[in-house]
Amino acid sequence: MSLTNATPLEVAQAARVGSRRLAVLSTDERNAALTAIHEALASGKEEVLAANKQDLEDANKAAAGGTLSQSLVKRLDLGKPGKYEDMLQGILDVRDLQDPINKTTARTLLDDNLLLSRVTCPIGVLLIIFEARPEVIANISALAIKSGNAAILKGGKESSHSFAAIASIISRALSTTSVPSDCLQLVQTRDVIADLLKLDQYIDLCIPRGGNELVRYVKDNASIPVLGHADGICTAYLCGDYPADKATKIIVDAKVSYPAGCNALEQLLVHETALNSTLPIVAEALLSKGVSLRCDPASFSALKSKLDAHSAAILQEASEEDYDTEFLDLILAIKTISSLDQAIEHVNAHSSHHTDAILTLDAPTAQTFLSAIDSSSVYWNTSTRMADGQRYGFGTEVGISTNKIHSRGPVGLEGLTIYKWIIIGDAQVSAEYGAGGKKWKHEKLAAGDEEGWARNEEEKEVLRKFRAERGT
């Protein structure tokens, strides 16, 4: 990894060259680099945490002065119990996943000795722009190396010390491996984002990780395709038939376990049959955890009559704006719903298409919800906090996408690959086919063979030797 103050053009050009060298390294070579990074970051923990402590001190001062949000400060702290260890484990999890590139996903026999194959390959050069979250460097470095992509990383000034420490450790680790240093670059120069976003001839995909303002800026100013999400307005729909104890467990986890997360619950839709039965139990549990409840008239009235005087006194009335707000805090908007169709309509209109859930025992109701909700992740009887690459088994994630492009939801290794079409022939040409000429066979073949694009035993043996030499 290079810590660079080079110009955006120089950075992008170097990353492009690095990406092509990285893409042809063997699985073993890329995995060895991840092992080296893991060992170096494990040994350098105190160095990183010392730098992170300095960032936290500066961030808390900025938050006290009103120039930095508390949600960013919460995301900055690498010293939280288990957080550094989770970062380290994520590197190993990615290393141990199956290699996502050079996999044959489709094959068609066009004619005798004329085989068409679709083979996975790296996207190329990724531009990652992020706020806080210094662990992003380790996450993305692991995913980029494993998937054969170069990555240009630009972090916010609020975590510059942490970024520099992690990047220096990774750079030292990579110097002992086959991975070219230019394939990972941490840009330190200020005010370069606008220029980087225009370099579509060198950069293939931009992934912004941060608040709404950052993501909107990137989407509005990029000439490069953008993968990501602007908001995490996640919603749960509580039906009257769902048991109160299970509903409480799920909703408390979704709201309280990490309020600053993009997968935290921001809205609770309550069917009118649950207003006087399940909702008061759920509300009492949320209030005991310090959650502020902003209620529509029906839920406000029901809770006022059911809760004790102290709890009822701290309820708040919701505004229409609350149903379009990502609070990133211990605040939850509640709205009463009279039908499944109304719930679906509300979610599709007001959620950010990140993660939404339904809590019900009725399978037909749940299936309708799962099919009708236009979000990247939709759940039945579980917490929205499940939306996470590590929890999905991706090792870690580069971000969560609400886009309708090649990757949606938590984006792991597969989301960082694309494919190319390969044809292996024997002197056939296009002019031989068509009116009065030869006919296409277009015979679909199995795609999962180890020797995917090989047509016969001789070619399979060649491919086996090639892969053995490369360790793939």
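Residues numbered from 1 in each chain as written. Predicted model: local features only at pLDDT ≥ 70, side-chain atom pairs only at ≥ 80, totals over all residues. Heavy atoms only, no water.

By the naming in an unreviewed UniProt entry, the protein chain goes by glutamate-5-semialdehyde dehydrogenase and is assigned to Pseudopithomyces chartarum. The record held by UniProt for the protein chain lists under Catalytic activity (unreviewed entry) the comment "L-glutamate 5-semialdehyde + phosphate + NADP(+) = L-glutamyl 5-phosphate + NADPH + H(+)". In its Function (unreviewed entry) section, the UniProt entry covering the protein chain states "Catalyzes the NADPH dependent reduction of L-gamma-glutamyl 5-phosphate into L-glutamate 5-semialdehyde and phosphate. The product spontaneously undergoes cyclization to form 1-pyrroline-5-carboxylate." (UniProt positions renumbered as here; feature names shortened; annotations may be inferred.)

A.B. asks: Please give an account of the sheet that holds strand β18 (residues 443–445) that cites residues and values.
C.D. replies: Taken together, the four strands give an open sheet; going across it, the order is β17-β3-β2-β18, and neighbouring strands pair in antiparallel fashion. Since the sheet does not close on itself, it has two edges, and those belong to β17 (417–424) and β18, each with one partner. When strand polarity is set aside, the average angle formed by the axes of neighbouring strands in this sheet is 25 degrees. As defined by bridge partners, strand β2 (residues 104–111) adjoins strand β3 (residues 114–122) across six bridges and the pair is classed as antiparallel. Residue pairing for β3: R107 is matched across the bridge by S117. (Pairing = 2+ DSSP bridges. Helix = DSSP H or I, 4+ residues; strand = E, 2+ residues; numbered from the N terminus. Axes fitted to C-alpha atoms, helices over the stretch in contact; angles between N-to-C directions.)

A.B. asks: Outline the packing of helix α11 (residues 278–288) against helix α12 (residues 297–306), listing residues and values.
C.D. replies: Interhelical geometry of α11 versus α12 gives an angle of 75 degrees and a closest axis separation of 10 Å. Taken as axis vectors, α11 and α12 run roughly perpendicular relative to one another. Residues L279, P280 and A283 of α11 lie in contact with α12, whose contacting residues are S299, L303 and K306. (Parallel < 35°, antiparallel > 145°, perpendicular 65-115°, else oblique. Contact = heavy atoms within 4.5 Å.)

A.B. asks: How would you summarise the packing of helix α5 (residues 83–95) against helix α6 (residues 135–147) if you had to cite specific residues and measurements?
C.D. replies: Following both chains from N to C, one finds α5 and α6 inclined at 5 degrees, their axes separated by 9 Å at the closest point. Taken together, α5 and α6 sit at an angle that is classed as roughly parallel. Along the contact surface, α5 presents K83, M87, I91, V94 and R95, while α6 presents E135, A138, N139, A142, L143 and K146. Taken together, the residues of the contact of α5 with α6 break down into six nonpolar, one polar and four charged. (Nonpolar A, V, L, I, M, F, W, Y, C, P; charged D, E, K, R; others polar.)

A.B. asks: Hey, could you go over the side chain of H271 for me, with residue numbers and the actual values?
C.D. replies: Relative to the helices and strands, H271 resides in strand β9 (residues 265–271). Since its relative accessible area comes to 15%, H271 is described here as buried. Separated by 2.8 Å, the side chains of H271 and T273 make a polar contact. (Buried < 20%, exposed > 50% of the residue type's maximum accessible area, 1.4 Å probe, protein only. Polar contact = N/O pair within 3.5 Å; in protein donor to acceptor, adjacent residues only side chain to side chain.)

A.B. asks: Quick rundown of the nonpolar core? Include the residues and the values.
C.D. replies: Grouped together as the largest cluster of nonpolar side chains are 67 residues, with contacts concentrated most on I37, L41, I152 and I203. Residue contacts for I37: discarding those within four places in its chain leaves I91, I145, I170, A173 and L174. Core analysis: the second largest hydrophobic core is formed by 31 residues, A247, V252, F300 and L307 among them. (Core = buried A, V, L, I, M, F, W, Y, C linked by side-chain atoms within 4.5 Å.)

A.B. asks: Please set out the packing of aromatic side chains residue by residue, giving values where relevant.
C.D. replies: Overall, the coordinates contain five aromatic pairs when judged by the stated rule. Ring geometry for Y433 against W440: centres 3.9 Å apart, planes inclined by 10 degrees, an arrangement best described as stacked. Exposure remark for Y433: the relative accessible area of 10% places this residue in the buried category. You can call W440 partly exposed: its relative accessible area is 40%. Above the ring of Y419, the side-chain terminus of R118 is found at 5.5 Å from the ring centroid. (Phe/Tyr/Trp six-rings, centres within 6.5 Å; stacked < 30°, edge-to-face > 60°. Lys NZ or Arg CZ within 6 Å of the ring centre and 35° of its normal.)

A.B. asks: Quick one: what's the story with the pattern of salt bridges, residue by residue and with numbers?
C.D. replies: Tallied over the full model, the rule gives 12 salt bridges. Residue K441 pairs with D112 through a salt bridge whose shortest N-O separation is 2.4 Å. Taken together, the positions of K441 in the loop between β17 and β18 and D112 in the loop between β2 and β3 put the pair 329 residues apart, joining distant regions of the chain. For the salt bridge of E266 with K255, the shortest nitrogen-to-oxygen distance reads 2.9 Å. Here the residue E266 occupies a position in strand β9, and K255 occupies one in helix α10 (residues 244–256), the gap between them amounting to 11 residues. You'll find E266 and K255 in the same group, each marked buried. Salt bridges sharing common partners tie together K83, R133 and E135. (Salt bridge = Lys/Arg side-chain N within 4 Å of Asp/Glu carboxyl O.)

A.B. asks: Lay out the pairing of strand β10 (residues 292–295) with the relevant residues and their values.
C.D. replies: Pairing analysis gives four bridges linking β10 to strand β12 (residues 331–337), with the strands arranged parallel. Bridge assignment links L293 to a residue of β12, and that residue is L332. Judged from the two bridges that link them, β10 and strand β11 (residues 316–317) form a sheet pairing that is parallel. Bridge pairing links R294 to Q316 in β11.

A.B. asks: Break down the sheet that holds β11 for me, citing the residues and quoting the values.
C.D. replies: Whenever strands of a sheet pair, they do so through backbone hydrogen bonds, lying parallel or antiparallel. Spatially, seven strands are ordered β11-β10-β12-β9-β8-β13-β14 in an open sheet, and the strand pairing comes out parallel. The sheet is open, and its two borders are formed by β11 and β14 (377–380), each paired with just one other strand. Judged from the four bridges that link them, strand β13 (residues 355–359) and β14 form a sheet pairing that is parallel. Counterpart to I358 in the pairing with β14 is W380.

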